[in-house]
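An overview of the molecular structure
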2 protein chains.
Amino acid sequence: MANDVLHYFELGMNTHQEAVVYMHKDCTVCRAEGFSASARVLVSGNGHSAIATLNIVENSLLPPGSIGLSTSARAKLAAKPGDTLTVSHAPVVASLRFVRKKIHGHALAENELEAIMTDISAHRYRDVEIAAFLSICADNRLDLDEMIGLTRAMVVCGTKLLWPGSERIFDKHCIGGVPGNRTTPLVVAIASAAGLIIPKTSSRAITSPAGTADTMETLFNVDFDVATMQKIMQATGACLVWGGAASLSPADDLMVRVERELDLDGTGQLVASVLSKKIAAGSHHVLIDIPVGPTAKVRSATEADYLAGVFSQVATACQIQVRCLITDGSQPIGAGIGPVQEAHDLLAVLKCEAQAPHDLREKSLMLAANLIDMARGCGLEKAVTEARHLLNSGAAWTQFQRIATAQGGMKALPEAAFTSHHHAPHGGRLASIDNRKLSRLAKLAGAPVDKCAGLRLHTKAGDHVDAGQALFTLYSSSRGEHDYALTYYRDNMDVFTILQNT
Amino acid sequence: MANDVLHYFELGMNTHQEAVVYMHKDCTVCRAEGFSASARVLVSGNGHSAIATLNIVENSLLPPGSIGLSTSARAKLAAKPGDTLTVSHAPVVASLRFVRKKIHGHALAENELEAIMTDISAHRYRDVEIAAFLSICADNRLDLDEMIGLTRAMVVCGTKLLWPGSERIFDKHCIGGVPGNRTTPLVVAIASAAGLIIPKTSSRAITSPAGTADTMETLFNVDFDVATMQKIMQATGACLVWGGAASLSPADDLMVRVERELDLDGTGQLVASVLSKKIAAGSHHVLIDIPVGPTAKVRSATEADYLAGVFSQVATACQIQVRCLITDGSQPIGAGIGPVQEAHDLLAVLKCEAQAPHDLREKSLMLAANLIDMARGCGLEKAVTEARHLLNSGAAWTQFQRIATAQGGMKALPEAAFTSHHHAPHGGRLASIDNRKLSRLAKLAGAPVDKCAGLRLHTKAGDHVDAGQALFTLYSSSRGEHDYALTYYRDNMDVFTILQNT
């Protein structure tokens, strides 16, 4: 009686990552097994199995003898309507005792962290258990050995990419927190034009108005399997693809969502998350951009230096080379925020257009130069000169177009249906722009799901503005989202701080 | 556009305590607001509102323009089919910054703990957020001031019971972990026969085979509102009711479930949980039973003494008197485990029947004597004599029957449909009985939902048993659950350790 058979019925419930199974309260299996709401059960069928949380259906939504699955559980079981599924009590998840060990103040060994990552990546943890692990590891509660162990454990659970024929693989990463700041495609174009091998896998936005993958997707296809990525690399020496399909660090993918829900950011978790994905992507030399500013992710130079030190130590233990650059995160980089607006900035920089954002161009050149210096050891001055030449000569733009062609060809950028212009209420010096509030504004307008949504800045912090001068333009595809963003802006006019002349 | 109207449609989804709202993926509100699966939303209607987690329905289960609710959210909103509900983005839960403050290693002030408890009791936290708070407070991470603050904060958020006309209110509590051990009704009968005022509110089982409320419910009604409880108290000086209806510590009720899911037990959380409910119940003098044993909740005398010290200090700060008794938790107390079987033991002790379990009787007398001594200061010897006299003379049984009558009258105990007897595989000394495994066995048989389910021990640890001698009888109401428990027993025969004579 530990198992019994039910037939799959499509309820179409999207509960995001948490696997849920739906059974009727009068279901004989449910009663015989003594299941109650929120119980953890093991569902098996089609040669797959998944641990899921039980939700009890108390009316006739589910026909007798049937069972429903959330979309995430359905995907895991590859279930189709009518399929036969069996349900039993979920086995004890053994690695949870290591989570409790950590809660009880003991450091975890690498094999214990690996057991936790393996169970998380196999979807054996429920969200509350992931939350317990993340909370107890947050705020520097992981020591250096644990951070190294966690990084390696995350790599072990995922797919490792191989780049046959390429001995030295380069990569870059930004720890985020600054709107716009879409340097990655420019750095990839310039550095790969210089001959560096850069198989760039990027993420989609989780809490920001756009991830690199969201922005690139407006220009060309970014969703490829590993075999196709390898073909693109062989053709161009670089790619700009979405990393999610490669399942580089599945445990991290599941943890990141809970971490963001809790608004937590532990150094250990951050370092392990970044480095594990780079190692899994096959990179040996990684440039890490750490923007610092009062409304950025990292608030002070001290914090940034500490983080850079941890990145270096963990990377060394994992036998990869990292270089950290501490950059200006006091305000957005570039003028566009949101996928399509950022794509316009990228093209303007690559085509050396006069209106291209100066800050985005200069930052990208500096990052590319550092990668070139990591590759050649030629000194940063020479590397900067080379990077600038590659951009100004059109070589980077040509290389970008080669990548675009290899990834299926350039697309035309769509236009937003709803646009509104916003002006300075009074004159003075634009003292600051709040990164967090500006990001929220772009997200309320619909970014990144709505690719056209976002905004375009017409001034930068430090500029003098006159009363009535344009501050920014807001873009949305729906009236509702446009209004919603405007309501937020009216309540948060301090996103722009304009100091009146005295 | 921050709000929009939908009509309530009954989906009948029981997700336990976590409030869930169901919206169709093509729903205009969903799209206009930019909601995605797992978003937190504020649902309002009928003059109520609730924060809930969004699940997206991807097929035609929900008619256009309608919205579904989990049973917990429906109860909170008092929603009926067709009711008009509005949905908007959930407001920021301000107290979450105190959870993060604690994660970042800072002690919390009483007002900060009160803000957290207020938001939890108003269902503003999702389970992952409760999990984060519990994890970071577990394992003695709350200092004494925080434990005092947490206790007071839990009291503030709940209902406080008043017992007009009674100046000194007595109470008892067992921290649990020992199967059977149903001393509470006996202690209440004896001590209230001695004239002590004991308004006893008890819980239902969460992870054990029976809570006191589950057991008492087999004998008489335990579900009363506060006004009726006051009437019962005026009539008899005592009651034996379920505390859940009184909402004494709603934050604790919500936290306990997540704590058990995570299998966590922090001292601070335990002490605050117990004392807040006693204070809210209007008690001034509380006896706390701390059973110690290798398979009990508290494993060592050192741990028990530490816990007793914390109870005393927090109680003193909260201006109530506690006395802790450290008792034998090495094996079950009494012979019956599960609601009906425990009720049989209670009646046998009260009626002074020869087969009444000696250990249950003696432990209950000792606990009652301590309460009498707390009330009179007469010395424990005199108090024990008085307690024994009250039991032997039938005064306690008479008082128990008065309480039963005030609570609606005694019911006949039901009988289990499926029974099986289990015997010693070989002779020897029964060295130990595993509390945890025995509890699990009773739960798999169906306890406490199935009141008849459970087991009856025929021997105790320390006894000599012959090969084939009866060890226990197993009871269930369904064949499936009976088989499921037997499968577990076959895999865990070491629940009884019988040492063969050498």
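Residues numbered from 1 in each chain as written. Chains lettered and ligands numbered in written order. Predicted model: local features only at pLDDT ≥ 70, side-chain atom pairs only at ≥ 80, totals over all residues. Heavy atoms only, no water.

1. Let's talk about the overall build of chain A
- Along the backbone of chain A there are 18 helices and 19 strands.
- Relative to the compact-globule value of 23 Å for 502 residues, chain A shows a C-alpha radius of gyration of 25 Å, a close match.
- Structurally, chain A occupies a C-alpha span of about 75 × 50 × 45 Å along its principal axes.
- Out of the 502 residues in chain A, the part that is buried amounts to 59%.
- Sequence separation of 24 or more characterises 79% of the internal contacts of chain A that already satisfy a separation of 6 or more.
- When the accessible surface of chain A is summed, it comes to about 18,600 Å², and 51% of that surface belongs to carbon and sulfur atoms. (Helix = DSSP H or I, 4+ residues; strand = E, 2+ residues; numbered from the N terminus. Rg over C-alpha atoms; globule rule 2.2 N^0.38 Å. Buried < 20%, exposed > 50% of the residue type's maximum accessible area, 1.4 Å probe, protein only. Contact = heavy atoms within 4.5 Å. Areas by Shrake-Rupley, 256 points an atom, 1.4 Å probe, with all protein chains shown as cover.)

2. Quick word on the sheet that holds strand β15 (residues 428-433) of chain B
Residues and elements named next belong to chain B.
- What the three strands build is an open sheet, ordered β17-β15-β19; its pairing is antiparallel. The two strands at the open ends of the sheet, each matched to only one other strand, are β17 (464-465) and β19 (496-499).
- Alignment of β15 against β19, held across four bridges, turns out to be antiparallel. Directly across from Ile433, in β19, lies its bridge partner Phe496. (Pairing = 2+ DSSP bridges.)

3. Description of the pairing of strand β15 (residues 428-433) of chain A
- Sheet topology places β15(A) next to strand β17 (residues 464-465) of chain A; two bridges connect them, and they run antiparallel. Within β17(A), the residue paired with A:Gly428 across the bridge is A:Val465.

4. Section: helix α3 (residues 96-103) of chain B
Residue and element names in this part refer to chain B.
- Regarding α3, the residues found buried are Leu96, Phe98, Val99, Lys102 and Ile103. Taken around the axis of α3, the buried residues stretch over an arc of 155 degrees, which confines them to a single face.
- Note on α3: the residue one or two positions beyond its end, Gly105, has a positive phi of about 90 degrees. (Arc of directions from axis to C-beta.)

5. Topic: the interface of chain A and chain B
- Contacts between chain A and chain B engage 50 residues on the former and 50 residues on the latter.
- Buried surface at the junction of chain A and chain B, summed over both partners, amounts to about 4,300 Å²; 57% is from carbon and sulfur atoms.
- When the buried surface of chain A facing chain B is broken down by residue, A:Val128, A:Glu261 and A:Tyr484 rank first, second and third, together holding 13% of it.
- Residue B:Arg126 pairs with A:Glu261 through a salt bridge whose shortest N-O separation is 3.5 Å.
- At the junction of chain A with chain B, the criterion picks out 16 residue pairs in polar contact (both at pLDDT 80 or more).
- Elements with a minimum of two residues in the side of chain A that touches chain B: β2 (13-14), α1 (28-33), β5 (48-57), α2 (71-77), α3 (96-103), α5 (127-137), α10 (250-262) and α18 (479-491) of chain A.
- Top element by residues in the side of chain A that touches chain B is α5(A). It accounts for seven residues.
- Considered class by class, the residues forming the side of chain A that touches chain B number 20 nonpolar, 14 polar and 16 charged.
- Sheet analysis places β5(A) next to strand β2 (residues 13-14) of chain B, joined by two bridges and oriented antiparallel. Looking at the pairing, A:Ile56 lines up with B:Asn14 of β2(B). (Buried area = accessible area lost by both parts, 1.4 Å probe. Salt bridge = Lys/Arg side-chain N within 4 Å of Asp/Glu carboxyl O. Polar contact = N/O pair within 3.5 Å; in protein donor to acceptor, adjacent residues only side chain to side chain. Nonpolar A, V, L, I, M, F, W, Y, C, P; charged D, E, K, R; others polar.)

6. Comments concerning the pattern of salt bridges
All names here are of chain A.
- Within the structure shown, the criterion is met by 54 salt bridges over all chains.
- Close ionic contact of Glu110 with Arg152 constitutes a salt bridge, the shortest N to O distance being 3.1 Å. Placement of the pair is Glu110 in helix α4 (residues 110-121) and Arg152 in helix α6 (residues 144-157), with a sequence separation of 42 residues.
- Taking relative accessible area as the criterion, Glu110 reaches 32% and is therefore assigned partly exposed.
- By relative accessible area, which is 33% here, Arg152 ends up partly exposed.

7. Digging into the relation of the copies chain A and chain B
- When chain A is fitted onto chain B, the two copies agree to an RMSD of 0.0 Å after a turn of 180 degrees and an axial shift of 0.0 Å. Taken together, the rotation and translation describe the operation of a two-fold axis. Taking C-alpha positions as reference, the residue of chain A nearest the rotation axis is A:Val128, located at 2.3 Å.
- Taken together, the interface assignments show that 100% of the residues at the interface of chain A recur at the interface of chain B, consistent with an identical surface on both copies. (Least-squares fit on C-alpha atoms with pLDDT ≥ 70 in both.)

8. Focus on the sheet that holds strand β19 (residues 496-499) of chain A
- A sheet is described by the order of its strands in space; here three strands give the open sequence β17-β15-β19 (chain A), paired in antiparallel fashion. Only two strands of the sheet have a single neighbouring strand rather than two, namely β17 and β19 of chain A.

9. Details of the packing of α5(A) against α10(A)
Residue and element names in this part refer to chain A.
- Where α5 contacts α10, the axes come no closer than 9 Å and their chain directions differ by 75 degrees. Taken together, the axis directions place α5 and α10 in an arrangement best described as roughly perpendicular. The segment α5 lies against α10, with Asp127, Ile130, Ala131, Phe133, Leu134 and Ser135 engaging Leu254, Met255, Val258, Glu259 and Leu262.
- Here the contact of α5 with α10 is composed, by residue class, of eight nonpolar, one polar and two charged. (Axes fitted to C-alpha atoms, helices over the stretch in contact; angles between N-to-C directions. Parallel < 35°, antiparallel > 145°, perpendicular 65-115°, else oblique.)

10. Digging into the nonpolar core
- A:Met117 and B:Met117 are the most contacted members of the largest nonpolar core, which has 116 residues in total.
- Residues within four places of A:Met117 in sequence aside, it is in contact with A:Phe133, A:Leu150, A:Ala153, A:Met154, A:Cys157, A:Ala251 and A:Met255.
- Listed in part, the 48 residues of the second largest apolar core include B:Phe170, B:Leu186, B:Val349 and B:Leu365. (Core = buried A, V, L, I, M, F, W, Y, C linked by side-chain atoms within 4.5 Å.)

11. Some points on the confidence of the model for chain A
- When the pLDDT values of chain A are averaged, the result is 92; 98% of them are 70 or greater.
- Both confidence scores are given for the complex: pTM 0.85, ipTM 0.81. (pLDDT = per-residue confidence, 0-100.)

12. Re the packing of aromatic side chains
All names here are of chain A.
- A complete count under the given rule lists eight aromatic pairs over all chains for this structure.
- Taken together, a centroid distance of 5.0 Å and an interplanar angle of 85 degrees make the contact between Phe472 and Tyr489 edge-to-face. Of the two residues, Phe472 sits in strand β18 (residues 470-476) while Tyr489 sits in helix α18, which places them 17 residues apart along the sequence. Each of the two residues, Phe472 as well as Tyr489, counts as buried.
- Connected via pairs of aromatic rings, a cluster forms that spans Phe220, Trp397 and Phe400. (Phe/Tyr/Trp six-rings, centres within 6.5 Å; stacked < 30°, edge-to-face > 60°.)

13. Let's talk about helix α12 (residues 301-317) of chain A
- The terminal C-alpha atoms of α12(A) lie 24 Å apart, and with 17 residues this matches the ideal 24 Å at 1.5 Å per residue to within 8%.
- Those residues of α12(A) that are buried are in contact with α6, α11 (267-280), β11 (285-292) and β12 (321-328) of chain A. (Expected span 1.5 Å × (residues − 1).)

14. A look at the environment of B:Ala461
Residues and elements named next belong to chain B.
- Within the secondary structure layout, Ala461 lies in the loop between β16 (454-457) and β17.
- Sequence-wise, Ala461 and Val340 are 121 residues apart; in three dimensions their C-alpha atoms are separated by 23 Å.
- Ignoring any residue separated from it by four or fewer positions in sequence, one finds Ala461 in contact with Gln331, Leu430, Ala431, Ser432 and Ile433.

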